[in-house]
Amino acid sequence: SISLLTEPYKHVNLFALGALYNRIEEKMTTTKRHTVRSIIAGLLLTLFSVVVMFALGDISHLSKHICAYRWNYFFIAVILFFMTHLLKFSKFNMFLTNAGVRFPSIEKRIDLYLACSPLNATSNRVNDGYHALSISRATGIPLTQADGITLVNRFADLPSMVVMGSIGIACYPPFTPVFIG
């Protein structure tokens, strides 16, 4: 059964992939001070953009839209966003625990989850490959087992997407192509 797990990887040069990952990891490694500096720069750029939009636009027209906006929906969306990530984090830890991975602290678990989260912006193949490589490097488990964790994680996401799409179709029938597509 081990050969069935490693068979898909017979054409992959894992040493080259590991070397590439090391180079990327070295470039992505930042200190907390640099991270805070980047966050502050992003917030300042956002504030500057909003001020420029107010200066170029009609302030009374923009203020009407801001006052008319239903802010309770925004806060509900923020709460649902955090709940989603809390559930994904719990699911991720459950899969790691089932694989026999033990972390000494919750901080290391959070670090691993957050380190893998930006990969969601990439294509699925790239995301799954680097996600498995990150798990393998951080936990010391074999790459084939880490790849299994990412595969199970992907399959566990499918039922939730079907349920959410079904709810969306039931609530908003005119948008059926959006939920199906």
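Quantities reported herein were computed from a predicted structural model and do not represent experimental measurements. (Residues numbered from 1 in each chain as written. Predicted model: local features only at pLDDT ≥ 70, side-chain atom pairs only at ≥ 80, totals over all residues. Heavy atoms only, no water.)

1. Some points on the confidence of the model for the protein
For step 1, the next point in the chain: Within the protein, residue pLDDT values average 75, and 78% of them lie at 70 or more.
For step 2, the next point in the chain: Confidence, expressed as mean pLDDT per element, reaches its minimum in the protein at helix α1 (residues 2-6) with 45 and its maximum at helix α5 (residues 71-98) with 85.
For step 3, the next point in the chain: Counted against residues more than four places away or in other chains, residues 1-6, with its pLDDT under 50, gives two contacts. (pLDDT = per-residue confidence, 0-100. Helix = DSSP H or I, 4+ residues; strand = E, 2+ residues; numbered from the N terminus. Contact = heavy atoms within 4.5 Å.)

2. Things to note about a nonpolar patch on the surface
For step 1, the next point in the chain: Side chains of I66, Y69, W71, F74 and F75 sit close together on the surface and give an oily, nonpolar patch of about 510 Å² of accessible area.
For step 2, the next point in the chain: In terms of residues, the nonpolar patch owes the most to one element, α5, which gives three residues.
For step 3, the next point in the chain: Note on placement: Y69 falls in the loop between α4 (59-68) and α5. (Patch = residues over 30% accessible without salt bridge, like charges linked within 9 Å, V, L, I, M, F, W, Y side chains within 5 Å. Areas by Shrake-Rupley, 256 points an atom, 1.4 Å probe, with all protein chains shown as cover. Salt bridge = Lys/Arg side-chain N within 4 Å of Asp/Glu carboxyl O.)

3. Considerations on the packing of α5 against helix α6 (residues 106-116)
For step 1, the next point in the chain: Orientation of α5 relative to α6, taken along the N-to-C sense of each, is 110 degrees, at an axis distance of 11 Å. The angle between the axes of α5 and α6 places the two elements in the roughly perpendicular class. Residues H85, K88, F89, F92, N93 and L96 of α5 touch α6, and the partners they reach there are I106, R109, I110, L112 and Y113.
For step 2, the next point in the chain: Looking at the contact of α5 with α6, its residues break down into seven nonpolar, two polar and two charged. (Axes fitted to C-alpha atoms, helices over the stretch in contact; angles between N-to-C directions. Parallel < 35°, antiparallel > 145°, perpendicular 65-115°, else oblique. Nonpolar A, V, L, I, M, F, W, Y, C, P; charged D, E, K, R; others polar.)

4. Here we look at the environment of L151
For step 1, the next point in the chain: If you trace the backbone, L151 turns up in helix α8 (residues 143-171).
For step 2, the next point in the chain: Distance in space between the C-alpha atoms of L151 and A132 is 9.1 Å, their sequence separation being 19 residues.

5. Some details on the pattern of salt bridges
For step 1, the next point in the chain: With the rule as written, the count across this model stands at one salt bridge.
For step 2, the next point in the chain: Salt-bridge contacts for R154 lead to D128; the nearest nitrogen and oxygen are separated by 2.8 Å. Pair noted here: R154 is in helix α8 and D128 is in helix α7 (residues 124-139), with a separation of 26 residues, a long-range link.

6. Quick look at the nonpolar core
Buried together is how nonpolar side chains tend to be arranged in soluble globular proteins.
For step 1, the next point in the chain: Judged by nonpolar contacts, the single largest core of 16 residues is most densely connected at F92, L96, L112, I135, I141 and I149.
For step 2, the next point in the chain: At the level of elements, α5, α6, α7 and α8 are the ones that each hand at least two residues to this core.
For step 3, the next point in the chain: The residues touching F92, leaving out its near neighbours within four places in the chain, are L112, Y113, H131, I135 and N153. (Core = buried A, V, L, I, M, F, W, Y, C linked by side-chain atoms within 4.5 Å. Buried < 20%, exposed > 50% of the residue type's maximum accessible area, 1.4 Å probe, protein only.)

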